[in-house]
Amino acid sequence: MWLSKVFSALCVIAACAAQTPEDVVTDYAPTTPAYEPPVPVLQKGETSLDVFATEKVELNCSVPDSSDWTFSWFTASGGGKIDPGPNYSFSEDGSVLTVTAQNEADYYCEGRHKTRKVFTRRSNSLKLRVSDIPKPRVIPKPNFKPMYPGEKITFTCMLEKDSGWEFLWYHNSKLHGGSSKTLEITVSQMTSGTYHCKAQRGKGAVSTADSEAASLEVSEPPTPSLTLLTPWPDVFENEVVEFSCEVSDLDWTYSWYKNQQALQEDDVLSLDEDEGRLNISAVRRSDQGQYTCRAHLESRGVTSGPSNSTALTVYENLPKSAIQKDPAFDQMYIGETANFSCKVPVSSGWEYAWYKDEDQFPRYSKDISISLDSSDGGFYSCKAYRGEITKTDHSDRIPLTVLEIPTSVATPVTKWQDVFPTESVKFRCRVESDSGWKYTWYKDSKPLLAAEGLSFDSDGATLTIRSASAQHKGRYECKGNLQNRPVISRSSSQLALTVYDKKPSVTVRRDAEYTVMYPGESVSFTCHMDVMGNEPDWEYMWTKNGGRLAESKSNIHTLNLTGTTNSVSYQCAAKRGNTEVFTTDKSQPVVFQVRGKKPKPSITLQPDVDQLYIGESATFECNVDLLTEWNYYWLKDGKPLPATNNSFRIDAVSLSDSGTYECRAERNKTGFKTEHSNKRKLVISEIPVPSLRSVTRWLDVFRSESVTLGCGMELNSSVWTYEWYKDAEKVNDDKTVSFGSDRATLSIAVDSVSQSGNYSCSGKLKSGSARRSVSSKASPPLALQVYDDKPVVTLMQDPVHSFMYTDESVAFSCHVNVSSGWDYLLFKDGRAVASRNSHNISKVDAASAGSYQCQISRKMNKPFSIMSEAVKLQVKERPKASIVVLTGWAEAFSTDSLVLKCKVEESNVEWNYTWYKEEKEIELVTAERHFVTPQNDPDQSDYRCRGIRSGRPSYSKQSDSYATKNLLLRRRVLLSIAGIIFFGIIATFLGCIFFKVFRKPVEKDENPEDANLFLSMAQLKNMTDAPCPLADYITDASLNAPPKEEEENGTICSETTPLPISSQEENGVMGGEPDKEEKNGGLLSFQH
């Protein structure tokens, strides 16, 4: 193409060169350049564009290098053109706009020429940002409360936007001076109070509100308080002394002074400057003096004044304690009070230690009183101490003997105390130490006085009753009183004197009053007298089954039972006295039975079953032939249970109650035990929860269908009956509901949507003869859904597109809006293609196109099927990529690289591309062009490409393979041949021109045809069979004229080189006259 363009140009140049100057006519029309409007420049004045309400801002509009303009102003936020007003003012030519800020806006300007009706373009815009006037905050630093005189504090006035402001400071609401953002103050009492600030700018045009006040509290440094922590101010050498120095605030350190001289630490004196403690671990005489302290706040350079003064006195020698006792008796009795006092002549703050027989006892006061006890006898001393190391020497020891309060002893002189009337009775009283005691007698706790028949000796020690009578009956006791001492002996034991008016009777008593006894048991008989009791002066006589046994001093007779079954009878009688024997009558006989065989109890359980469920009650009974006279013992798995009755009840059994139970009985008096009962095993189980299942295949049904549910226990289901519930309400028999055996199944004839709900069941144990009441929890529910209308079936396509491209994947799925248990068939164009609810096509092709439908069916009482609406699948062929070479023929000699271009046929959308070399993807190349160079492809491989994009189709088919091997070489050969032909044509053309100029003219009569040798362009156009004049001129052979070629721009006659001729040239060619000009200019004919 480019060769043809060059060749045409050369032809035109050659033709022009062959013309005479007179043949060329030029006509140039003058050209006026188009008007380009200028763009004005919008600039702000000195004020920032970030302003506050009511501030003024200047905006300047100008056209560079020109002052011949007036300007109009506009807001870009919809406000339109700006007119003068309260918030806007203009300069005379409108180049300066003064804005009183109210709202944010974007401003721009346009210019109009002062003399010409032309306008500028729109200027750049400037945004004016208007903020509310901020309120300042005062921040003190440091912010201590209180501050102390001499310290420095800096107040800062903080604003969110703080540029361009001038600050005013106020102290106690009075202007303080200063205009900077910060205010620094040296603290004194005069500077205390409140501080606030405000800011202004623009020479007061904008002013903020006053800030909140910040307070400055000023006070003198606190005076520390010095405290002597040691409880006493006068101490002894080597004692520990501790002072504390405190102020009310934290972070203070402390220094210490004695007699106004600063103290330094040494071996015994330690100073804790942070905690305010002075400790003298072993005080010396040199430590005596007046102590003070000062407090220091080092972080702020503050020192307090001196604290209060505390005096410390140090003694050199320790004193000795002195002990005193009151009363001074060496011997004292229990109950008396001994008073001791320990004294130290010097100092204070003593604590006291008391010692008895060198052992310390827990008394610590200076004076102690001891209410004496038997253990209080010994030697008493004391000493005083303070702290851990200061102790006085022991005092002298004082002895103390403590005697027990004696007990008076009353003894009968008469041999017995139960007498008959007229007998004589004598009692005696004494104390172990007779010295200084006198005695007092009491009868039935009342003092006795001498009377007729009753007398005492001189000190009251002996009481004599000469003739006993009923009035002397009672309980006698005595006491001793120590003269001149508040000591009274304990009362003697009482002596019971009984006076009877009749003969005593005896009774046989048994310790085990059982009517039946068993071998191995023992029984004790007591011969009881109703008047004398167990008196050692009596002798007892026993008889068994009428036979006399040996006499005994004891009134108790013990019998160990042996032998077989028999009956036994016992009696007794009593006597006393040696010279005059007194004998009672025989007692009534005591009779009982002896059985020869050891009993074995029986055990029963109610209910009489081996397995119970949690929550049931269980009652065990243990029975012996004789139901009374027994204690019962229960065992579970060989371990005793806390039950002693013959019945053992568990109100609500639990799993832990499982086990083997047995019992035995024991006599509570003799300890006789029966054999163990037989063992009874009890098994406790969790109440099972029934399992609910659907006998019908599905639980979402339609009217006229039936549903059957089954309920059952995992084990022993036959011993249970069942109850049914719908939404927690019991289901009863009706025309639509029926139950199976034991109500284990529930059949529902569906006729209404009201039968939808959650169905559950529970089990109830068959009671039988045991009358047990066991009910399980409800099973987990099953939901029954009843539909009134037939289901809707829908065939869905994924992805959803109006058409699919080949090789794409598509999936069809069949959906039913309700119920389950469906059978599916998928059809294409009426032919079944799948017997499931989905159909996938991994790669779509033309054969995949068609109409798809889905059919559902279910086996019910009345089987039915439903067909979905058809889904039409259209398939389009995926577009194909192709490769073209962009490297031109002319570039074959100037480059070693090829430019390949990939394009997708019949597609007008934008693509990215993937390139492949020898079937392998070229990474990181997605452009439509690919450059093949000797560096990246020295082997000149085969290439393919494919289009990719984000839309559909997402990729194209691969292009055909394009081989680049020797492509440049073939082009270079072809271009060389074309160049040779081209330059041959040029040489021929130049030869024609040469012969035209230098050929010898012939005579007119010899060449009559010369007048028509060169025709004008107009003549050539009108001629259809005209020969090429150049050929006629050169060869004179019309038969060799080149063929004519007709194109858009005219007719050209050349063998290889086209000569473009415009329509203007055609219309402007002058015919026949050599000197006449073309109307529109152009080439002239060769005619002379």
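Residues numbered from 1 in each chain as written. Predicted model: local features only at pLDDT ≥ 70, side-chain atom pairs only at ≥ 80, totals over all residues. Heavy atoms only, no water.

### Examining the overall build of the chain
Of the regular secondary structure elements, the chain holds five helices and 91 strands. Residues counted as buried form 39% of the 1088 residues belonging to the chain. Summarising the internal contacts of the chain: among those between residues at least 6 apart in sequence, 61% fall at separations of at least 24. (Helix = DSSP H or I, 4+ residues; strand = E, 2+ residues; numbered from the N terminus. Buried < 20%, exposed > 50% of the residue type's maximum accessible area, 1.4 Å probe, protein only. Contact = heavy atoms within 4.5 Å.)

### Describing a nonpolar patch on the surface
A surface patch of nonpolar side chains, about 480 Å² in accessible area, is lined by Trp889, Val973, Leu974, Ile977 and Ile981. Counting through the fold element by element, Ile977 comes out in helix H2 (residues 967-998). (Patch = residues over 30% accessible without salt bridge, like charges linked within 9 Å, V, L, I, M, F, W, Y side chains within 5 Å. Areas by Shrake-Rupley, 256 points an atom, 1.4 Å probe, with all protein chains shown as cover. Salt bridge = Lys/Arg side-chain N within 4 Å of Asp/Glu carboxyl O.)

### Observations concerning the environment of Ser62
Residue placement: Ser62 occurs in strand S3 (residues 56-62). You can call Ser62 partly exposed: its relative accessible area is 35%. On a C-alpha basis, the gap between Ser62 and Cys109 in space is 9.1 Å, while along the polypeptide they are 47 residues apart. With residues near it in sequence (within four places) discarded, Ser62 still touches Pro40, Val41 and Phe71.

### Remarks on the state of the cysteines
Counted by the stated rule, this structure contains ten disulfides. Put simply, Cys245 and Cys293 are joined by a disulfide, and their sulfur atoms are 2.0 Å apart. An S-S torsion of about 75° defines the bridge between Cys245 and Cys293 as right-handed. Placement of Cys245 in strand S20 (residues 241-246) and of Cys293 in strand S25 (residues 289-297) is noted, with a sequence separation of 48 residues between them. Like Cys293, Cys245 is buried. Note on cysteine connectivity: Cys429 is disulfide-linked to Cys478, with sulfurs 1.9 Å apart. (Disulfide = S-S within 2.5 Å.)

### Regarding the pattern of salt bridges
Overall, the coordinates contain 33 salt bridges when judged by the stated rule. Arg284 is the salt-bridge partner of Asp287, the closest N and O atoms lying 3.1 Å from each other. The class of Arg284 is partly exposed, set by a relative accessible area of 30%. The shortest N-O distance in the salt bridge between Lys636 and Asp637 comes to 3.6 Å. Overall, Lys636 belongs to the buried group, its relative accessible area being 17%.

### Examining the sheet that holds strand S30 (residues 337-343)
Spatially, the three strands line up as an open sheet ordered S28-S30-S33, and their pairing is antiparallel. The sheet terminates laterally at strand S28 (322-326) and strand S33 (367-371), the two strands that pair on one side only. Pairs of neighbouring strands in the sheet enclose a mean axial angle of 20°, with direction left out of account. Pairing geometry for S28 and S30, over five bridges, is antiparallel. By the bridge assignment for S30, Asp326 is matched with Asn339. (Pairing = 2+ DSSP bridges. Axes fitted to C-alpha atoms, helices over the stretch in contact; angles between N-to-C directions.)

### A look at the pairing of strand S72 (residues 782-787)
Direction of pairing for strand S65 (residues 700-702) relative to S72: parallel, over a ladder of three bridges. Its bridge partner lying in S72, Val701 is registered against Val786. One ladder, built from three bridges, connects strand S71 (residues 757-765) with S72; its direction is antiparallel. Opposite Asn758, over in S72, you have Ala783 as the bridge partner.

### What to know about the nonpolar core
Phe340, Trp354, Leu400, Phe427, Trp441, Tyr476 and Leu497 are the most contacted members of the largest nonpolar core, which has 45 residues in total. Excluding anything up to four places from it in sequence, Tyr476 contacts Phe427, Tyr442, Lys443, Leu448, Leu463, Ile465, Ser493, Gln494, Leu495 and Leu497. (Core = buried A, V, L, I, M, F, W, Y, C linked by side-chain atoms within 4.5 Å.)

### Some words on unusual backbone geometry
Peptide bonds are mostly trans, and most non-glycine residues show a negative phi. Each neighbour pair has its own omega, and for Gln606 with Pro607 the value is 0°, a cis peptide bond. Secondary-structure assignment places Pro607 in the loop between strand S56 (602-606) and strand S57 (611-613). With an omega of -10°, the peptide bond running from Arg952 to Pro953 counts as cis. Take Pro953: it is sitting in the loop between strand S88 (942-948) and strand S89 (962-963). Positioned with a positive phi, Asp444 is a non-glycine residue whose angle comes to about 50°. Within the secondary structure layout, Asp444 lies in the loop between strand S40 (437-443) and strand S41 (446-447). Judged by relative accessible area, which is 39%, Asp444 ranks as partly exposed. Positive phi, close to 50°, is recorded for Glu918, a residue that is not glycine.

### Examining the environment of Phe456
Structurally, the position occupied by Phe456 is in strand S42 (residues 454-456). Taking the relative accessible area as the measure of exposure, Phe456 reaches 27% and is therefore partly exposed. Spatially, the C-alpha atom of Phe456 lies 9.7 Å from that of Thr440, the residues being 16 residues apart in sequence. Residues contacting Phe456, with those up to four places away along its chain left out, are Trp441, Leu448, Leu449, Ala450, Thr462 and Leu463.

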